[in-house]
Amino acid sequence: MLRTNAPQLVEFAVHGRVWPARGDNSDYRTTSNGRGATHVGMAGICFTHRVGDPAFGWEADHLEPGVSIRHPDDGDEHALHYLACIGNEAVVTSGACAGARGTVTGEHAHVLVDFPPAEIEMLAVGDEILIRSIGTGLKLLDHPDVMTHKLSPRLLEALDLQVNAAGTLEAGVVAEIPSHLMGSGAELTADYVDQDFMTGDRDQIAELGLDRVRLGDIVAVRDEDHGWGRGFHPGAVTIGLIIHGDSAWTGHGPGVLDLLSSRSGAIVPHLQPGQNIALGLGLRTSEELSTHQPGAHVSSYATRV
Amino acid sequence: MSDNRSQLVGVAVQGSIVSPQCPALPASPYIIGADGAPVLLPPPGGIVYNVAIGDPAFGWVADMVQPGVSIAAPGGANPALRGLACIGNEAIVVSGRARGERGTVTGKSGRFAEHVIVHFEPLVLDSMALGDQVLVRAIGRGLALSDAAEVQLKSISPALLDALEVQSGESGELVVRVMAEVPAVLMGAGSGLTSEAGCVQIQTDDPAGISEHGLDGLRLGDVVMLKDFDCRWGNGFVQAAATIGIVVHGDSVRGGHGPGVTPIITATGGRIRSQLVADRNIADLLGLRTAVGTPK
């Protein structure tokens, strides 16, 4: 039994709006192979992809699955970013879909919310979504060297962490990402959005099998301390969540959102296929996930350097 | 080696000397170290009197100290200033008590600072004020080597290219003398960001690794090679890529942070080879200081 301070946590509301995809009059971004490209991916309502689908292979950049929300007021926006936790419940509070319920699955340029598609057919840009935020300050009482980030009690339970014979915490993960691949996001704190793993070296990504990961997968990064900052620290371990899809940009790739981190390595990963929050939080079935197999498609930008 | 410098266009870009920036109340004034310790330190920017190009990159009680003077421009002029200014470009003070004094661009800082860093003689610093306007005679953008089309030059003035004395190796690779080589695993903040207008940082939360690679003796202005690191169109890991850069700002206590390196030469596929030497610093190469390396 994992003892936590969950009974002491405070649950409260933060909010955002379904945010439009935006462009400007020169929307080209440069790919890692030196080509101008325009890709869809961030913001708005994604009708085709949900958490649980493969993170690679789409004609998209930084694909945000489901519904992307933010708030126009800076203070509200940062409250939403810092306090919404993965696994928190979301409720549509305006528009035709008022009352529909979903789940927070990521925090990137927007907070990402998954809804059952049938409940949001009439969801519109600008509709208000409220998050019942709980998880900030969550502590594992018997493992003081392990910090949590954006981890709701609901997701902690779904992760099903185990304590091994030596008394060390263990987390099941679908993959380990070597620290030299950790890229964009190192300039931010561990409590703000995610850090991409870099996919510019396509050969190495394929060798490591990292092109098989799915949105929603739980992964580990060894020798990375994501307690307060995000950096290389031998012996540290970080457990994260794949929140957005691959990218064509140098230094970018699927986003890893920090969930647990230990500077002293007080949490140990072990490989556990299928460790994905779409399944763990009961958002989708494994039959649904099997309709999109990793490796079925290769993005046009995923060419060798 | 021949290049296209005769075709380059020199343009003026301009910024003013920035004030150090701290968060407004009631925000906490502290930055948080990699180990979680809150500290209040001088932030990057402003006029720095006692740290100059050529001085050590480590050991200062400051966050990412930028030697000399840091300038920025308002709005859309800042990306132009940061994008076009090249290391080694001449800078001229055009307002205030130091008007007419001349200095040299020595670097550019990354996300959240976003300054151009300029060296002036100590006596000039004494007559400067925050807000003074500094014009940079920007030239170097588009500079390319005639016989090495796949090697990209960035933020490097023709004057610095000359001073580096790069050579062609036996297999046609570019040979560059550097002070140190940095493994890709140590590259932190700045990964995934632009390689044209800022820097990428050598992260220092592994002191043993830093000294193992001889990086603890780095100085501001040192020429280094980033191994397996591609800075052609953004900064990121690619095996057999290499980037030559200049150390532009000092160390940091933050996780993922440390001395910043502004990329100046970059290529994939082993097209750049480094040659380790005991001394390679732009303070010497550009004649900005004499006797670099003597303790202050």
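Residues numbered from 1 in each chain as written. Chains lettered and ligands numbered in written order. Predicted model: local features only at pLDDT ≥ 70, side-chain atom pairs only at ≥ 80, totals over all residues.

1. Some details on the overall build of chain B
Per the secondary structure count, chain B includes five helices and 19 strands. The globule rule puts the C-alpha radius of gyration for 296 residues at 19 Å, and the 18 Å found for chain B is close to it. Overall, chain B is about 55 × 45 × 40 Å in size when its C-alpha atoms are taken along their principal axes. A sequence separation of at least 24 residues applies to 71% of the contacts in chain B between residues at least 6 apart. (Helix = DSSP H or I, 4+ residues; strand = E, 2+ residues; numbered from the N terminus. Rg over C-alpha atoms; globule rule 2.2 N^0.38 Å. Contact = placed C-beta atoms within 7 Å.)

2. Notes on the interface of chain B and chain A
Contacts between the two partners involve 32 residues from chain B and, on the opposite side, 29 residues from chain A. Those elements that place two or more of their residues in the side of chain B that touches chain A are strand E14 (189-192) and strand E17 (236-249) of chain B. By residue class, the composition of the side of chain B that touches chain A is eleven nonpolar, 15 polar and six charged. (Nonpolar A, V, L, I, M, F, W, Y, C, P; charged D, E, K, R; others polar.)

3. With respect to the pairing of strand E7 (residues 111-114) of chain A
All names here are of chain A. With burial as the criterion, each face of E7 is covered, one bearing Val111 and Val113 and the other bearing Leu112 and Asp114. Taken together, the three bridges between strand E4 (residues 67-70) and E7 define a ladder with antiparallel strand orientation. Counted as the bridge partner of valine 67 is valine 113 from E7. Sheet topology places strand E6 (residues 101-107) next to E7; four bridges connect them, and they run antiparallel. Bridge assignment links threonine 103 to a residue of E7, and that residue is aspartate 114. (Buried ≥ 20, exposed ≤ 12 C-beta atoms within 10 Å, placed from the backbone. Pairing = 2+ DSSP bridges.)

4. Examining the pairing of strand E15 (residues 231-244) of chain A
All names here are of chain A. Burial analysis of E15 places twelve of its 14 residues in the buried class, the great majority of the element. Relative to strand E16 (residues 255-262), E15 runs antiparallel, the two sharing seven bridges. Bridged to leucine 241 within E16 is leucine 257.

5. Details of the sheet that holds strand E12 (residues 174-178) of chain B
The pairing of strands in a sheet comes from backbone hydrogen bonds and takes either a parallel or an antiparallel form. Residues and elements named next belong to chain B. Strand order in the open sheet formed by three strands is E11-E12-E19, with mixed pairing between adjacent strands. Both edges of this open sheet fall to strand E11 (167-168) and strand E19 (272-276), since each of them pairs with a single strand only. Pairing of E12 with E19, which is carried by five bridges, proceeds in the parallel orientation. Bridge pairing in E19 links valine 176 to serine 274.

6. Let's talk about unusual backbone geometry
Residue and element names in this part refer to chain A. The phi torsion at valine 193 lies on the positive side, around 45°, for a residue other than glycine. Structurally, valine 193 can be placed in the loop between strand E12 (175-177) and strand E13 (195-196). One non-glycine residue, aspartate 223, adopts positive backbone phi at about 60°.

7. Section: the confidence of the model for chain B
Here chain B averages 95 in pLDDT, while 98% of its residues score no lower than 70. This prediction of the complex comes with two scores: 0.94 for pTM and 0.90 for ipTM. (pLDDT = per-residue confidence, 0-100.)

8. A short note on the sheet that holds strand E17 (residues 267-271) of chain A
All names here are of chain A. Taken together, three strands build an open sheet; the order of strands is E10-E11-E17 and the sheet is mixed. With one partner strand each, in any of the chains shown, strand E10 (162-163) and E17 form the two edges of the open sheet. Bridge analysis of E10 against strand E11 (residues 169-173) gives two bridges, and the strand direction is antiparallel. Bridge pairing in E11 links valine 163 to leucine 169.

9. Structural notes on the environment of leucine 83 of chain A
Residues and elements named next belong to chain A. Following the sequence through the fold, leucine 83 ends up in helix H1 (residues 74-83). Owing to 20 C-beta atoms within 10 Å, leucine 83 belongs among the buried residues under this scheme. Along the sequence, leucine 83 and threonine 38 sit 45 residues apart, while their C-alpha atoms lie 32 Å from each other. With sequence-adjacent residues up to four places away left out, leucine 83 is seen in contact with Val14, Ser133 and Thr136.

10. Some thoughts on the environment of aspartate 142 of chain A
Residues and elements named next belong to chain A. Structurally, the position occupied by aspartate 142 is in the loop between strand E8 (128-133) and strand E9 (147-148). Note on aspartate 142: 13 C-beta atoms within 10 Å, which makes it partly exposed. Taking C-alpha positions, aspartate 142 is 34 Å from glutamate 77, a pair spaced 65 residues apart along the chain.

11. Topic: the nonpolar core
Membership of the largest hydrophobic core comes to 150 residues, with the highest contact counts inside it found for Val219 of chain A together with Val224 of chain B. In terms of residue count, E17 of chain B provides more of this core than any other element does, eight residues in total. In contact with valine 219 of chain A, other than residues within four places in its own chain, are Val173, Val174, Ala175, Ile177, Val213, Gly240, Ile242 and Val256 of chain A. (Core = buried A, V, L, I, M, F, W, Y, C linked by C-beta atoms within 7 Å.)

12. Concerning H1 of chain A
All buried positions along H1 of chain A are accounted for by Leu80, His81 and Leu83 of chain A. Each element contacted by the buried residues of H1 of chain A is listed here: strand E1 (12-18), E4, E6, E7 and E8 of chain A.

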